[in-house]
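# Chain and residue survey
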Amino acid sequence: RRKTMKDNFDECLKMLLHHEGGYVNHPKDPGGETNLGVTKRVYEKWGGTKDMKDLTVEDVAPIYKKEYWDKCRCDDLESGVDWAVFDWAVNSGTGRAAKAIQKICGAAQDGVIGPKTLALINTQNTEYVVEEFGKIRQDFYESLKTFDTFGKGWTRRNKETTAKALEMIEEDDD
């Protein structure tokens, strides 16, 4: 059994921000005005007051930690699985990422990773979990009406995340 990686957050945040990019306000994106992957709605709900174009990593890191990493219990997931779950939680919501993990391990799909889900998921083969997670994520993307507009980017992101997650598992095995 591999160890979980409580110190993976900083590395995963760096990779996530690479995917999320900078300031965007795409007319077809239902999220609206976004910077460093954080929507204006989320930032303001968090208490942020800066202009969206001026956000820094320091502004968004605590949001990612509390609202995504901690909500998905990534500190308690194995290395690689934590990255896959975190990236999709940010991209499509913590509930969707949690339900995918729950589906893979046979837990009740309530969208909240709790002690029962953790007990089940951490007994699974980590490579299998990451590969299945990537398939569920891809099927979800392909089911969306906006796949024609954003599908190429989502698919690339999913493939990169899955490949990196598998790499992290191998590094952890050394």
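Read on for a plain summary of the structure. (Residues numbered from 1 in each chain as written. Predicted model: local features only at pLDDT ≥ 70, side-chain atom pairs only at ≥ 80, totals over all residues. Heavy atoms only, no water.)

Packed helix pairs are specified by the crossing angle of their axes together with the interaxial distance, meaning the distance between the axes. At a minimum axis distance of 9 Å, the contact between helix H4 (residues 81-92) and helix H7 (residues 126-143) shows a crossing angle of 15 degrees. Between H4 and H7, the angle falls in the class roughly parallel. Viewed along their axes, H4 and H7 form a crossing whose handedness is left-handed. On H7, the residues touching Val-81, Ala-84, Val-85, Asp-87, Trp-88, Asn-91 and Ser-92 of H4 are Thr-126, Val-129, Val-130, Phe-133, Ile-136, Arg-137, Phe-140 and Tyr-141. (Axes fitted to C-alpha atoms, helices over the stretch in contact; angles between N-to-C directions. Helix = DSSP H or I, 4+ residues; strand = E, 2+ residues; numbered from the N terminus. Parallel < 35°, antiparallel > 145°, perpendicular 65-115°, else oblique. Left-handed = near helix turned anticlockwise from the far one by under 90°. Contact = heavy atoms within 4.5 Å.)

The subject of this paragraph is the packing of aromatic side chains. Applying the stated criterion to the full structure yields ten aromatic pairs. One aromatic cluster in this structure is built from Trp-88, Phe-133, Phe-140, Tyr-141, Phe-150 and Trp-154. Across from the ring centre of Phe-9, 5.8 Å away, lies the NZ or CZ of Lys-65, which sits over that ring. (Phe/Tyr/Trp six-rings, centres within 6.5 Å; stacked < 30°, edge-to-face > 60°. Lys NZ or Arg CZ within 6 Å of the ring centre and 35° of its normal.)

Before going further, it helps to examine the nonpolar core. Within the largest apolar cluster, 48 residues are counted, with the highest numbers of intra-cluster contacts made by Tyr-64, Trp-83, Val-85, Phe-86, Trp-88, Ile-101 and Phe-133. For this core, the element with the most residues is H4, which contributes eight residues. Beyond its immediate stretch of four places on either side in the chain, Phe-86 contacts Phe-9, Cys-12, Leu-13, Leu-16, Tyr-64, Tyr-68, Trp-69 and Cys-74. (Core = buried A, V, L, I, M, F, W, Y, C linked by side-chain atoms within 4.5 Å. Buried < 20%, exposed > 50% of the residue type's maximum accessible area, 1.4 Å probe, protein only.)

Another point: the environment of Glu-58. Topologically, Glu-58 is positioned in helix H3 (residues 57-70). Taking C-alpha positions, Glu-58 is 20 Å from Cys-74, a pair spaced 16 residues apart along the chain.

A separate point is H7. Each full turn of the α-helix corresponds to 3.6 residues, which orients residues three or four apart in the same direction. The end-to-end C-alpha distance of H7 is 26 Å, a good match for the 26 Å that 18 residues give at a rise of 1.5 Å each. Taken as a whole, H7 has its buried residues at Thr-126, Val-129, Val-130, Phe-133, Gly-134, Ile-136, Arg-137, Gln-138, Phe-140 and Tyr-141. The distance from a side-chain oxygen at the start of H7 to the backbone nitrogen of Glu-127 is 3.0 Å, and the residue carrying that oxygen is Asn-125. (Expected span 1.5 Å × (residues − 1). Polar contact = N/O pair within 3.5 Å; in protein donor to acceptor, adjacent residues only side chain to side chain.)

Let us now look at the environment of Glu-67. Mapped onto the elements, Glu-67 comes out in helix H3. Residue Glu-67 is classed as buried on the basis of its relative accessible area of 18%. Taking the C-alpha atoms as reference, Glu-67 lies 26 Å from Asp-172; in sequence the two are 105 residues apart. Among residues more than four places away in sequence, those in contact with Glu-67 are Trp-46 and Thr-94. A distance of 2.8 Å separates a polar atom in the side chain of Glu-67 from a polar atom in the side chain of Lys-71.

Moving on to the side chain of Arg-157. With respect to the element layout, Arg-157 can be found in helix H8 (residues 147-173). Among the residues examined, Arg-157 registers a relative accessible area of 8% and is labelled buried. Every residue in contact with Arg-157, bar those within four places of it in the chain, is listed here: Leu-16, His-19, Glu-20, Asp-87, Val-90, Asn-91 and Arg-137.

Moving on, we get to the pattern of salt bridges. Per the counting criterion, the structure on display carries 15 salt bridges. One salt bridge connects Lys-65 with Asp-70, and the closest N-O pair in it is separated by 2.7 Å. In this structure Lys-65 comes out as partly exposed when scored by relative accessible area, which is 27%. Between Arg-73 and Asp-76 there is a salt bridge, with its nearest N and O atoms 3.0 Å apart. In this structure Arg-73 comes out as partly exposed when scored by relative accessible area, which is 29%. Shared partners join several salt bridges into a network, and the residues in it are Glu-11, Lys-164, Glu-167 and Glu-171. (Salt bridge = Lys/Arg side-chain N within 4 Å of Asp/Glu carboxyl O.)

Looking now at unusual backbone geometry. Of note, the phi angle at Leu-36 is positive, near 50 degrees, even though the residue is not glycine. Along the chain, the position of Leu-36 falls in the loop between strand S1 (34-35) and strand S2 (38-39). One non-glycine residue, Arg-73, lies in the positive phi region at around 55 degrees. Positionally, Arg-73 belongs in the loop between H3 and H4.

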